[in-house]
Amino acid sequence: MRQAVLICCLLFVSTSARAATLPVPSPGYPTIQSAIAAALDGDTVLVSPGTYVENIDFLGKRIVVRSASGPGVTVIDGGGGVSVVTFQSGEDNDSRLEGFTLTNGTALHWAGGGGTSCWYGSSPTITGNVITGNNVGGGLGGGIYCDASSPVIVDNVISGNTAAFGGGISCRYACAPLIQGNDILNNVAILGGGGIECYNGPTPQIRDNRISGNSTTDAWSYGGGIYCYAGGTTTIEHNVISGNVAGRSGGGIYCGAGYSLIHGNTIRQNVAQISYGGGIALVGCTDSAVTDNVVAFNQAQVDGGGIYTFYSPQVTITNDTVFGNTAANGGGVYCGDNSLLQIHNTILWGDSAGSGRELYVHEVCTITDSDVDGGLASVYTGIYSHLTWGLIYSVAPGFVDASGGDFHLPYDSPCRDIGNATAPGISAEDFEGDPRAAFGGVDLGADECHPHLYFAGQATPGGSGNLRLVGAAGTIPVLLWMGAGLREVPIQTGYGPWYLEDPIFFTLYLGALPSPSGLLDIPFTLPPTTPVPLSLYLQAGMGTAFVNAYELRIE
């Protein structure tokens, strides 16, 4: 037994000892690919600033290929021939690509992945890169293509790429990717998924991304921001999905099969140019849940400015805020053929349409415990359809600033504490992670009025806005701190978790939360000379409790 332990220890020491850093360029390794060819599992290929015109392949190795100084000064130029970076030999999450600009990549015919391609079950980690200016023409995945693989795609900027499907990212055939914390911007797909396409995959997870300005161009194209046609469970959670355009349908999101969980997103100013689903289109989806989303200012030419369902049994819309959307039919929500739709704890307000300003029912719909602008007069019910009209309010929600896109509920909102705590599909948290049932009851809409700190405005050099604190009217004292960073593991105190790292740069005493709104604004203007990118790390205290930490990113 001792001998076996000794052998294991020796093997560990031997493996650890041989891990090496291979510098590029250097006399031994003039190119990135030459260093990869020489590397062993556990090694790091460290790349100095410069532009490298080459196409690299990880060769199945569990290595890290990392830039020394980041993507701003370290470019891999694919030369317009094939993918810039390829994983095709069973790489796993320990194979890491970090900190490059990947550009000028393409792919042959139907093949995919102008910037990066992951084939045959290869599932690398792709993080901290800028993937831009790649074009696969009639192929798949202008920025990244995944085939039967489950990569971790985290904290990248994926912008200005072009493909037939998946302008930014395409995942196909038994893929289960994690796509998290990326900026997916201004990509173009001809047919589907301007930002992201997931097709025939079991469990794609799309979380915490900014998916903006993407588009599809064909008259029969779908999913300006996201197109999912997955046979399993698609999770779309805590993303900002804005300003995307679909040539036909699903301006923000188009889900075409399987189960979809769409939770805690902000889905705004997306457009379905020819047909339906300005914000969200659910077509052929089963047992799907749309919960705690802000769906605002989206447009559809025909049906469902905010949310559209069609051939989708058992779709539940719970605690959503649907505001200011437009369509010919169903400005807020459209319940189409063979759909069984339930709506609970939801605010439908300020939408517009020729028929069914807030709700258009063409099949079977139950709506209860919700706030509907204009009540039953704003609902269209077809001849052969069925509407169950439960407990409905028709009172202005009193959003903090709806026209400015701030859909938080102040303390004096009439939508506070009147929701159904046992509604189907109800979540434990609202759209930004605050617990439900604050102050004794569940609120209507995506936001739960809960002690909270956030910023509303333009976080850019020369921009201005308000740091906002909302909570129970009259709460005292209210304080604001700024620290050097945020702790990954907060300090647990008798006042709740403390997130700020030392040093603490300042403490502001702000008095009490005003009555009756419980809303306190702190005007905030940034000098034009503010260096970017810059993050300010803030936390507030209200009464005897610390509230959420907030990172104000200035870009």
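Residues numbered from 1 in each chain as written. Predicted model: local features only at pLDDT ≥ 70, side-chain atom pairs only at ≥ 80, totals over all residues. Heavy atoms only, no water.

Glancing now at the side chain of Thr235. With respect to the element layout, Thr235 can be found in strand 26 (residues 233-237). With a relative accessible area of 10%, Thr235 lands in the buried category. In this view, Thr235 contacts Pro204, Gln205, Ile206, Arg207 and Leu261; residues no more than four positions away in its chain are not counted. (Helix = DSSP H or I, 4+ residues; strand = E, 2+ residues; numbered from the N terminus. Buried < 20%, exposed > 50% of the residue type's maximum accessible area, 1.4 Å probe, protein only. Contact = heavy atoms within 4.5 Å.)

The next point concerns the confidence of the model for the chain. Here the chain averages 93 in pLDDT, and 96% of its residues register 70 or above. This stretch, residues 1-17, has a pLDDT under 50; its non-local contacts, to residues over four places away or in other chains, come to zero contacts. (pLDDT = per-residue confidence, 0-100.)

Another aspect to go through is the pairing of strand 58 (residues 534-542). Bridge count for strand 53 (residues 478-483) against strand 58 is six bridges, and the pairing is antiparallel. Note that in strand 58 the partner of Met482 across the bridge is Leu538. Judged from the eight bridges that link them, strand 58 and strand 59 (residues 545-554) form a sheet pairing that is antiparallel. Across the sheet, Leu538 pairs through a bridge with Tyr550, a residue of strand 59. Connecting strand 58 to the antiparallel partner strand 59 that follows it, the hairpin turn spans two residues, and Gly543 within it adopts a positive phi of roughly 65°. (Pairing = 2+ DSSP bridges.)

What follows deals with the side chain of Ser123. Along the chain, Ser123 turns up in the loop between strand 10 (116-118) and strand 11 (125-127). Polar contacts involving the side chain of Ser123 include one to the main-chain carbonyl oxygen of Gly121, which spans 3.3 Å. Residues within four places of Ser123 in sequence aside, it is in contact with Glu91, Asp92, Asn93, Ser149, Ser150 and Pro151. (Polar contact = N/O pair within 3.5 Å; in protein donor to acceptor, adjacent residues only side chain to side chain.)

This next bit is on the sheet that holds strand 53. Reading across the sheet, the four strands line up as 56-53-58-59 and stay open at both edges, with antiparallel pairing between neighbours. Unpaired on one side and paired on the other, strand 56 (504-509) and strand 59 mark the two borders of the sheet. On average, each strand axis in the sheet is inclined to that of its neighbour by 20°, with strand direction left out of account. As defined by bridge partners, strand 53 adjoins strand 56 across five bridges and the pair is classed as antiparallel. Bridging from a neighbouring strand, Leu480 pairs with Leu508 of strand 56. (Axes fitted to C-alpha atoms, helices over the stretch in contact; angles between N-to-C directions.)

Another point: the sheet that holds strand 57 (residues 519-525). Spatially, three strands are ordered 51-52-57 in an open sheet, and the strand pairing comes out antiparallel. Either end of the sheet is taken by a strand with one partner, and the two such strands are strand 51 (452-457) and strand 57. Strand-to-strand, the axes of this sheet are offset by a mean angle of 25°, without reference to chain direction. The pairing of strand 52 (residues 464-470) with strand 57 spans seven bridges and is classified as antiparallel. By the bridge assignment for strand 57, Ser464 is matched with Thr525.

Here the focus is the packing of aromatic side chains. Under the counting rule described, the total for this entry stands at 24 aromatic pairs. Ring centres 6.1 Å apart and planes at 80° place the aromatic pair Tyr173 and Tyr199 in the edge-to-face group. With Tyr173 in the loop between strand 17 (169-172) and strand 18 (178-180) and Tyr199 in strand 21 (residues 196-199), this pair connects stretches of sequence that are 26 residues apart. Ring plane angle 90° and centroid distance 5.3 Å describe the contact between Tyr411 and Phe439, whose orientation is recorded as edge-to-face. Highlighted residues: Tyr411 in the loop between strand 50 (392-393) and strand 51 and Phe439 in the loop between strand 50 and strand 51, separated in sequence by 28 residues. Chaining the aromatic ring pairs together yields one cluster made of Tyr276, Tyr308, Phe310, Tyr311, Tyr334, Tyr360 and Tyr380. Above the face of the Trp220 ring, Arg248 is positioned so that its terminal group lies 3.7 Å from the ring centre. When the ring centre of Tyr411 is taken as origin, the NZ or CZ atom of Arg416, which lies over that ring, is 3.8 Å away. (Phe/Tyr/Trp six-rings, centres within 6.5 Å; stacked < 30°, edge-to-face > 60°. Lys NZ or Arg CZ within 6 Å of the ring centre and 35° of its normal.)

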